[in-house]
Amino acid sequence: MPIWKEQAPSKEPTPTPPATPTRLDVAPPVESTPRAAAREGAESVVATNLTIEGTITGQGSVRIAGRFKGDINVQGNLTIEAGAKVSGSVRAATVSVAGELEGNIDGATRVELQQTGSITGDVTAGSLTVAAGSKMRGNVEFGWDDVAARGATRTAPTASAA
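Rules and cut-offs
Residues numbered from 1 in each chain as written. Predicted model: local features only at pLDDT ≥ 70, side-chain atom pairs only at ≥ 80, totals over all residues. Heavy atoms only, no water. Helix = DSSP H or I, 4+ residues; strand = E, 2+ residues; numbered from the N terminus. Buried < 20%, exposed > 50% of the residue type's maximum accessible area, 1.4 Å probe, protein only. Contact = heavy atoms within 4.5 Å. Areas by Shrake-Rupley, 256 points an atom, 1.4 Å probe, with all protein chains shown as cover. Pairing = 2+ DSSP bridges. Axes fitted to C-alpha atoms, helices over the stretch in contact; angles between N-to-C directions. Core = buried A, V, L, I, M, F, W, Y, C linked by side-chain atoms within 4.5 Å. Polar contact = N/O pair within 3.5 Å; in protein donor to acceptor, adjacent residues only side chain to side chain.

(A) Focus on the overall build of the chain. Along its length, the chain carries 2 helices and 16 strands. Counting the 162 residues in the chain, one finds 27% classified as buried. Taking the intrachain contacts of the chain between residues at least 6 apart in sequence as the baseline, contacts between residues at least 24 apart amount to 3%. Just so you have it, the chain exposes about 11,600 Å², and 53% of that area is on carbon and sulfur atoms.

Below, the structure is given as structure tokens:
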């Protein structure tokens with residue numbers, strides 16, 4: 001007499017393994033270069049409760065909601081939100097200021113000074129939009145097509161002998 005009970009073979013069908021995915025089922029590899037991030041609209045954020053000191057350089061866009069002290073040089077857009085403060089020079093494609101900027105903006109394609117924004121510094125841009133109620137203290141130069149044309153307006157004309 002056996003002391004164990006023999007198991008009868010299972011009558012349930014054995015599961016079949018899933019089919020191997022074809023090439024069409026495989027997702028394309030994700031490009032993880034800074035250029036890809038800029039194309040996809042990636043944006044770095046300095047949050048409201050942060051204070052950062054340093055330099056920001058890159059190809060993406062930046063949104064400042066807190067405080068930042070240092071220079072910003074990005075090929076994307078810079079947004080300074082209401083209540084935020086930036087102290088330093090700025091180079092970006094488009095700059096939108098709803099907070100406070102203490103520093104110069106140089107070489108921007110477009111600068112937007114919002115109703116709650118203030119700029120203390122010089123601005124050099126392709127176009128400038130200023131909302132009623134905003135504040136600015138500094139020199140502004142806009143509407144020129146290139147840097148050479150902007151530089152030519154700052155130099156005194158020379159006389160030539162005939």
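(B) Main features of the sheet that holds strand E11 (residues 100–102). Here 6 strands make up an open sheet; going across it, the order is E2-E5-E8-E11-E13-E15 and the pairing parallel. The sheet terminates laterally at strand E2 (51–53) and strand E15 (135–137), the two strands that pair on one side only. Across the sheet, the mean angle separating the axes of adjacent strands is 5° when strand polarity is ignored.

(C) Examining the nonpolar core more closely. If you look at the biggest cluster of nonpolar residues, it comprises 23 residues, and the most contacted ones within it are Ile-64, Leu-78, Val-95, Leu-101 and Ile-105. Of all the secondary structure elements, the ones that give two or more residues to this core are strand E4 (61–64), strand E6 (72–74), strand E7 (77–80), strand E10 (94–97), strand E12 (105–113) and strand E14 (123–130). The element that contributes the greatest number of residues to this core is E12, accounting for 4 residues. With sequence-adjacent residues up to four places away left out, Leu-78 is seen in contact with Val-62, Ile-64, Ile-72, Val-90, Ala-92, Thr-94, Val-95 and Ser-96.

(D) Inspection of the environment of Met-136 at higher detail. Relative to the assigned elements, Met-136 resides in strand E15. The spatial distance from the C-alpha of Met-136 to the C-alpha of Gly-121 is 7.7 Å, given a sequence separation of 15 residues. Sequence-distant contacts of Met-136, that is, excluding residues within four places in its chain, are made with Leu-113, Ile-119, Gly-121 and Val-123.

(E) Molecular detail of the environment of Arg-91. Here Arg-91 shows up in strand E9 (residues 90–91). The spacing of Arg-91 and Ala-108 is 17 residues in sequence and 6.3 Å in space, taken between C-alpha atoms. In this view, Arg-91 contacts Ile-72, Asn-73, Val-74, Asp-106 and Gly-107; residues no more than four positions away in its chain are not counted. Within the structure, Arg-91 has its side chain in polar contact with the side chain of Asp-106 (distance 2.7 Å).

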